Amino acid sequence: MRSMRSVTPLVAMGRSRVLPVLVLDDVRHAVAVATALRAGGLPIAEVTLRSRYALEVLREMSSVDDVMVGAGTVTRPEQVERVLAAGGRFAVSPGFSPGLVRECHRQGLPILPGVATPTELQAALDAGVDTVKFFPAAASGGVRMVRAMSAPFPHVRMVPTGGITAAGMSEYLALPTVLAVGGTWLAPAEWVCAGRYDLVELAARDASKRVLEEVSV
Ligand SMILES: O=C(O)C(=O)C[C@H](O)[C@H](O)COP(=O)(O)O
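The paragraphs below set out a description of the structure included in this document. (Residues numbered from 1 in each chain as written. Predicted model: local features only at pLDDT ≥ 70, side-chain atom pairs only at ≥ 80, totals over all residues. Heavy atoms only, no water.)

**Side note on the pairing of strand β2 (residues 44-48)**
Thought 1: Within β2, 5 of the 5 residues are buried, which leaves it mostly tucked inside the rest of the structure.
Thought 2: One ladder, built from 2 bridges, connects strand β1 (residues 18-22) with β2; its direction is parallel. Paired with V21 across the strands is E46, a residue of β2.
Thought 3: Crossover β1 to β2 through helix α2 (residues 30-39) is right-handed. (Buried < 20%, exposed > 50% of the residue type's maximum accessible area, 1.4 Å probe, protein only. Helix = DSSP H or I, 4+ residues; strand = E, 2+ residues; numbered from the N terminus. Pairing = 2+ DSSP bridges. Right-handed = clockwise from strand over helix to strand, strands pointing away.)

Have a look at this one:
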């Protein structure tokens, strides 16, 4: 496996095509989950900063060899420094905030801001972003909306996230503007809390297999 240190987050996402999103608050699971995802072929994860110990989880996960970890639910500029200090390689935000994007660019942290409309997409482009998270993907119109929004913006890459499942991922990935899809289905809290890292690995393996078999590149 090529080292994740030498690739950029966008390259890593474009290779794995699937970005596992983790809502994890117990540091004890961090290394095992990262290892299971990597074993299943997805050496990348987004740890959402929604819980008290999320930064510690991020730090632990990013200590695992050949795993790239970023932070999700980043909403405020003051979080950027903490994400970088914890080893986070990228940030993901549910929405678009010019101040947050400016701070990420200033500190050299790649950011995927969330957009759900053409107006938000244009605002993100004005802020110097060329890859966005399309969120919440399923509730905002799913594959049809991505296709419609991409027509006037064929050079903007999207990472649809929100309501995506194993069964639905390939339809998004078949669109030329979709870099990767994100979601929590690969490592839901129930599995992680129960120590079912084997299920996490299986879900990652299934997703990697679908990328190879169902998505032509
Ligand atoms: O706030 C953020 O930055 C996020 O990361 C939001 C998550 O991407 C979604 O909550 C995904 O959730 P699912 O629909 O369960 O896959």
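**Describing the packing of α2 against helix α3 (residues 54-61)**
Thought 1: Relative orientation of the contacting elements α2 and α3 amounts to 50 degrees, with a least axis distance of 8 Å. Our classification of the angle between α2 and α3 gives oblique. The hand of the α2/α3 crossing is right-handed. Listed contacts from α3 to A30, V31 and A34 of α2 are V57, E60 and M61.
Thought 2: Residue composition of the contact of α2 with α3, by class: 5 nonpolar, no polar and 1 charged. (Axes fitted to C-alpha atoms, helices over the stretch in contact; angles between N-to-C directions. Parallel < 35°, antiparallel > 145°, perpendicular 65-115°, else oblique. Left-handed = near helix turned anticlockwise from the far one by under 90°. Contact = heavy atoms within 4.5 Å. Nonpolar A, V, L, I, M, F, W, Y, C, P; charged D, E, K, R; others polar.)

**Structural notes on the layout of surface pockets**
In this approach a probe as big as a water molecule rolls over the atoms, and the regions it shows empty are the leftover space.
Thought 1: Looking at the second largest pocket, its volume works out to about 200 Å³.
Thought 2: Lining the second largest pocket are 17 residues, with V21, R50, K133, F135 and T161 sitting closest to its centre.
Thought 3: Broken down by class, the residue content of the lining of the second largest pocket amounts to 6 nonpolar, 8 polar and 3 charged. (1 Å grid on protein atoms, 1.4 Å probe; cavity = no way out; pocket = protein on both sides within 12 Å on 5 of 7 lines; lining within 4 Å. Points joined across faces, edges and corners; volume = space filled by probe spheres on them.)

**Quick look at the pattern of salt bridges**
Thought 1: Taken as a whole and judged by the stated rule, the model has 7 salt bridges.
Thought 2: The closest approach of N and O atoms between R106 and E103, which form a salt bridge, is 2.9 Å. Highlighted residues: R106 and E103, both in helix α5 (residues 98-107), separated by 3 residues, approximately one helical turn.
Thought 3: With relative accessibility at 63%, the residue R106 sits in the exposed group.
Thought 4: Of the residues examined, E103 reaches a relative accessible area of 16% and is grouped as buried. (Salt bridge = Lys/Arg side-chain N within 4 Å of Asp/Glu carboxyl O.)

**A closer look at the nonpolar core**
A general feature of soluble globular proteins is that nonpolar side chains tend to end up buried together.
Thought 1: Of all hydrophobic cores here, the largest spans 61 residues; its most connected members are V18, L22, M61, M169, V181 and W185.
Thought 2: Each residue touching V181, except ones within four places of it in the same chain, is listed here: R17, V18, L19, V159, P160, I164, M169, Y172 and L173.
Thought 3: Counting residues in each nonpolar core, the second largest holds 13 residues, with A12, L19, V159 and A180 among its members. (Core = buried A, V, L, I, M, F, W, Y, C linked by side-chain atoms within 4.5 Å.)

**Points about helix α10 (residues 197-214)**
Thought 1: Across its 18 residues, α10 extends 25 Å between first and last C-alpha, which sits within 8% of the 26 Å expected from 1.5 Å per residue.
Thought 2: Buried residues of α10: V200, A203, A204, A207, S208 and V211, and no others. The buried residues of α10 occupy an angular sector of 130 degrees when the element is viewed end-on, so they sit on one face. In α10, the exposed positions that point more than 90 degrees away from the buried face belong to L202, L212 and E213.
Thought 3: Those residues of α10 that are buried are in contact with α1 (9-16), β1, α2, α8 (169-173) and α9 (189-193). (Expected span 1.5 Å × (residues − 1). Arc of directions from axis to C-beta.)

**Some thoughts on the site of the ligand**
Thought 1: Neighbouring the ligand are 16 residues, the closest being E46, R50, T73, G163 and T184.
Thought 2: E46 places a polar side-chain atom, nitrogen or oxygen, 2.6 Å from an oxygen atom of the ligand.
Thought 3: The contact in question runs from an oxygen atom of the ligand to an N or O atom on the side chain of R50, over 2.9 Å.
Thought 4: Taken by itself the ligand offers 410 Å² of open surface, and the protein chains cover 83% of this. (Near = heavy atom within 4 Å. Polar contact = N/O pair within 3.5 Å; in protein donor to acceptor, adjacent residues only side chain to side chain. Areas by Shrake-Rupley, 256 points an atom, 1.4 Å probe, with all protein chains shown as cover.)

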